[in-house]
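# Summary of structural features
The lines below spell out each chain.
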Amino acid sequence: MTTATATAPVAIAEQNWKNYELGTFVRGHDGKVWRIVEISTRRSQRGYQVREFILRNEKGREIRKTSRGITLLVSGRRVRRRRKVAPVKQVLPVAQPVAQEPQQVEAKAGTIRHAQYPALLAALAGRNSTWLVGPKGTGKSTAAANVAEDLGLKFYPISFGAQTSEAKLLGYNDATGKVVRTPLREAFEHGGVVLFDELDGASPGVLVVLNACLANDTVGFPDGPVKKHPNFVAIAGANTYGRGGNRAYNGRQQIDDATLDRFAFLKWDTDARIIAAKAGVPLSALSAIPAPSAIRLVKYSPEAREEAATSFATFTAKIIAAIAKSGDSSRFDVGSRSIIIGVSLVRHGYSVVDALDACVWRGIDESIKVRVEAAALAA
């Protein structure tokens with residue numbers, strides 16, 4: 001098996017098994033493309049480090065392959081019963097710490113933060129608007145308030161619904177001609193963390209106003225244009241990915257891609273540690289709640305960081321071209337802002353795979369994802 005270095009979304013050194021990561025694409029001797037979906041490591045009796053890979057093709061078939069030394073063996077057997085494998089921390093050729101950006105901070109000591117909170121801070125360090133998607137009660141609003149506390153900024157929560165108006169966002173002139181200011185105006189003009197709560201319940205008309213605030217450096221308010229403050233931080237809290245209601249949340253709106261394309265998406269599952277702290281019960285009492293998914297930030301060297309950013313941009317451009325060539329973007333579309341936001345995420349510690357999930361796939365159905373990936377690789 002040889003690596004498909006020309007089309008893989010992650011730059012991989014030829015025949016160097018240490019650089020194979022989750023999400024890497026490889027091509028077999030028969031020409032079929034496989035994706036690494038799980039990795040585990042162990043030591044052989046002679047002390048060699050051995051890695052086992054679970055590979056999946058576009059039809060969903062999975063095989064297990066083993067590597068030792070620098071050779072990826074071609075003898076793979078079909079996986080008939082999946083076993084849980086803990087994700088392995090990515091191994092990079094050089095593991096130098098990334099220089100801290102001026103606005104990139106950590107949570108205050110002694111506080112409990114969600115497992116995804118470091119990934120949220122990393123996304124906001126590049127001032128990328130971030131969409132937190134998860135069930136009710138998982139602490140999305142609390143996380144936004146924690147960001148304001150850790151960044152030393154004011155917190156402005158705004159709840160959205162079908163009746164939310166443009167005036168609630170931009171303000172208006174009252175009967176005396178005085179301008180009524182809004183939380184969004186304060187955050188936009190003077191800096192602050194604004195939470196767009198239940199954004200997937202907003203009406204399409206009001207989202208046009210929101211789009212301008214997220215994408216433009218200057219926005220027109222009732223008393224004239226206002227320039228965006230460098231410390232304007234936007235977080236959306238929602239129960240869906242903005243593609244319409246489901247069985248649990250049937251009142252949610254289908255948000256157009258012009259809005260979705262302005263956000264990086266983070267899955268925000270239930271974190272039992274936060275529930276135990278709020279309820280005052282031992283964590284062991286909540287052992288039935290599964291651990292939430294969490295992005296593991298990568299400490300890139302400057303060279304590896306730029307190489308990963310370029311790989312992300314290259315593969316995303318191929319995805320955009322593949323969607324355009326298919327002529328069917330009614331169910332899934334990717335815009336140019338996905339490249340800009342994703343590159344920023346990679347430069348702040350996201351892996352290429354995690355940046356693709358946050359800016360390109362955004363919770364899309366797995367069957368669509370596999371089809372688009374295959375088309376992008378074949379381009």
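Residues numbered from 1 in each chain as written. Predicted model: local features only at pLDDT ≥ 70, side-chain atom pairs only at ≥ 80, totals over all residues. Heavy atoms only, no water.

## Things to note about the pairing of strand 12 (residues 192-197)
Cut-off, in case you're wondering: Accessible area is worked out with a 1.4 Å probe on protein chains only. A residue is then buried under 20% of its type maximum, exposed over 50%, and partly exposed in between. A run of H or I in DSSP counts as a helix once it spans at least four residues, and a run of E counts as a strand once it spans at least two, with each numbered from the N terminus. Only when DSSP finds a minimum of two bridges between them are two strands counted as paired.
Within strand 12, six of the six residues are buried, which leaves the element mostly enclosed by the surrounding structure. Neither face of strand 12 is exposed, since Gly192, Val194 and Phe196 on one face and Val193, Leu195 and Asp197 on the opposite face are all buried. Where strand 9 (residues 155-159) lies against strand 12, five bridges are found, and the strand directions are parallel. Following the sheet pairing, Tyr156 is matched in strand 12 by Val194. In terms of strand pairing, strand 12 meets strand 15 (residues 232-238) through six bridges, oriented parallel. Bridging across to strand 15, Asp197 finds its partner in Gly237.

## Considering helix 10 (residues 352-361)
Selection rule: Pairs of residues are marked as contacts when any of their non-hydrogen atoms sit within 4.5 Å.
When you tally the buried positions in helix 10, you get nine out of 10 residues, the bulk of the element. Here helix 10 has its buried residues at Val352, Val353, Asp354, Ala355, Leu356, Ala358, Cys359, Val360 and Trp361. Here the buried face of helix 10 lies against strand 3 (33-43), strand 16 (264-267), helix 8 (302-326), helix 9 (336-347) and helix 11 (366-378). In the segment just after helix 10, Arg362 is the residue with positive phi, at about 50°.

## Some remarks on the environment of Pro135
On the secondary structure map, Pro135 appears in the loop between strand 8 (130-133) and helix 2 (140-151). With 132 residues separating them in the primary sequence, Pro135 and Lys267 have C-alpha atoms 9.7 Å apart.

## Side note on the side chain of Gln116
Put simply, the rule reads: We define a polar contact as two N or O atoms separated by no more than 3.5 Å, with the added condition that, inside protein, one atom must be a possible hydrogen donor and the other a possible acceptor, whereas residues neighbouring each other in sequence contribute only through side-chain atom pairs.
Assignment of secondary structure puts Gln116 in the loop between strand 7 (77-78) and helix 1 (117-125). Accessibility expressed as a relative area gives 3% for Gln116, which makes it buried. Separated by 2.7 Å, the side chain of Gln116 and the backbone nitrogen of Ile295 make a polar contact.

## Description of the environment of Pro282
Counting through the fold element by element, Pro282 comes out in the loop between helix 7 (272-279) and helix 8. Pro282 gets classed as exposed once you look at its relative accessible area, which sits at 52%. In this structure the C-alpha to C-alpha distance between Pro282 and Ala272, which are 10 residues apart in sequence, comes to 10.0 Å.

## Some points on helix 1
The periodicity of an α-helix, 3.6 residues per turn, causes residues three or four places apart in sequence to face the same way. Along helix 1, eight of the nine residues are buried, which leaves the element largely enclosed by surrounding structure. Buried within helix 1 we find Tyr117, Ala119, Leu120, Leu121, Ala122, Ala123, Leu124 and Ala125. Next to the buried residues of helix 1 lie strand 8, helix 2, strand 15, strand 16 and helix 9.

## A short note on the packing of helix 9 against helix 10
Convention followed: Here an angle of 0 to 180 degrees is reported between the N-to-C directions of two axes, which are lines fitted to C-alpha atoms, with helices fitted over the stretch in contact. Two helices cross in a left-handed way if the nearer one is turned anticlockwise from the farther one by less than a right angle. They cross in a right-handed way if the turn is clockwise. Gly falls in the polar group here, along with every residue not listed as nonpolar (Ala, Val, Leu, Ile, Met, Phe, Trp, Tyr, Cys, Pro) or charged (Asp, Glu, Lys, Arg).
Relative to each other, helix 9 and helix 10 sit at 140°, their axes nearing to 9 Å. The interaxial crossing formed by helix 9 with helix 10 has right-handed handedness. In contact with Ser338, Ile341, Gly342, Leu345 and Val346 of helix 9, helix 10 contributes Val352, Ala355, Ala358 and Cys359. Taken together, the residues that form the contact of helix 9 with helix 10 break down as seven nonpolar, two polar and no charged.

## Focus on the pairing of strand 13 (residues 218-221)
Burial along strand 13 is one-sided: the residues Val219 and Phe221 are buried and none of Thr218 and Gly220 is. In the sheet, strand 13 pairs with strand 14 (residues 224-227) via four bridges, with the strands oriented antiparallel. Bridging from a neighbouring strand, Val219 pairs with Val226 of strand 14. The loop that links strand 13 with its antiparallel partner strand 14 comprises two residues.

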